[in-house]
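Summary of the model geometry
In case you want the letters, here they are:
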Amino acid sequence: MSLDQNQLKQQVAQAALKYVEDDTVIGVGTGSTVNFFIDALATVKHRINGAVSSSEASAQRLKQHGIPVLDLNGTGELGIYVDGADEATRLRQLIKGGGAALTREKIVAAASRTFVCIIDESKLVRQLGAFPLPVEVIPMARSYVARELVRLGGRPVWREQVTTDNGNFILDVHGLDIREPIALERAINDIAGVVCNGLFARRGADVLLVGRAAGVETL
């Protein structure tokens, strides 16, 4: 039986529930697959103490389900963080930031013991980079950072009409040859004016759940 993309997302979101521990605070990411996870989480909300959200959009959805949204500054280390990705490799290295929430996503992932990434099989790739790499930049540094990204071999495009939840801009970098994701993640973060970039390589996912027609594959 072939499943459509939404059914694959729903299946993988449901599979992530088994990583949810009782009486803990859950880190929750952003995006269409995560929306299915939030809906699934609502069915077991009595088991958890609340959630830390990586975006205003996810916070709204959590609140609509009656799940308390907490401030990371008050929670301490989180047990798990569940989020999707725009691309992922079998080494569990990711590109994230299609929804412009990459900085908060990276913070919540860093503050969690276990990062569970949920994707459908279309997001699994051999090498990162076909999906343009999002880079969050301080507005005044936009054109300077763009010039520096060109030196790294990319073609940055300003995502106009988009301001992040932190009040910054997004440059989407096309054409990067990402053979060494950890080195590139560091190099981009070293550019003055960059807040964060969408490579999750130094801290990739601990568990990657891939939704397939035959069932969920765990990497």
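In this report, we go over the structure that sits alongside the text. (Residues numbered from 1 in each chain as written. Predicted model: local features only at pLDDT ≥ 70, side-chain atom pairs only at ≥ 80, totals over all residues. Heavy atoms only, no water.)

1. Notes on helix α3 (residues 56–64)
Every buried residue of α3 is listed here: S58, A59 and L62. Considered in projection along α3, the buried side chains sweep an arc of 105° and stay on one side of the axis. For α3, the exposed residues set more than 90 degrees away from the buried face come down to A57, K63 and Q64. On the buried face of α3, the contacting elements are β1 (25–28), α2 (32–41) and β2 (50–53). Within two residues after α3, G66 carries a phi angle of roughly 80°, on the positive side. (Buried < 20%, exposed > 50% of the residue type's maximum accessible area, 1.4 Å probe, protein only. Helix = DSSP H or I, 4+ residues; strand = E, 2+ residues; numbered from the N terminus. Arc of directions from axis to C-beta. Contact = heavy atoms within 4.5 Å.)

2. Regarding the sheet that holds strand β7 (residues 133–137)
One open sheet holds the 4 strands; their spatial order is β8-β9-β7-β10, and the pairing between them is antiparallel. One side of each edge strand has no neighbouring strand; the edge strands of this open sheet are β8 (155–158) and β10 (194–197). Across the sheet, the mean angle separating the axes of adjacent strands is 30° when strand polarity is ignored. The pairing of β8 with strand β9 (residues 169–174) spans 4 bridges and is antiparallel. Across the sheet, residue W158 finds its bridge partner in β9, namely L171. Packing against the sheet, helix α7 (residues 181–189) makes contact with β7 and β10, and its axis sits at approximately 160° to β10. (Pairing = 2+ DSSP bridges. Axes fitted to C-alpha atoms, helices over the stretch in contact; angles between N-to-C directions.)

3. Focus: the state of the cysteines
A full pass over the atoms with the stated rule returns 0 disulfides. Free cysteine: C196, not disulfide-bonded; nearest cysteine sulfur from C117 at 15 Å. When its relative accessible area of 6% is taken as the criterion, C196 is described as buried. (Disulfide = S-S within 2.5 Å.)

4. Re the pairing of strand β13 (residues 215–218)
The side chains of a regular strand alternate, first on one face of the sheet and then on the other. Inspection of the sheet shows strand β12 (residues 207–212) paired to β13 by 4 bridges, in the antiparallel sense. Pairing of V210 across the sheet is with E217, part of β13. The turn linking β12 back onto β13 is made up of 2 residues.

5. What about the nonpolar core?
Counting 25 residues, the largest nonpolar core has V20, V28, F37, L41, I118 and L209 as its most contacted members. In terms of residue count, α2 provides more of this core than any other element does, 5 residues in total. For V20, the contacting residues outside a window of four places in its chain are I26, F37, L41, R47, I48 and I80. Listed in part, the 19 residues of the second largest apolar core include A141, F169, L184 and I191. (Core = buried A, V, L, I, M, F, W, Y, C linked by side-chain atoms within 4.5 Å.)

Honestly, that's just the spatial picture; any functional story needs more than this.
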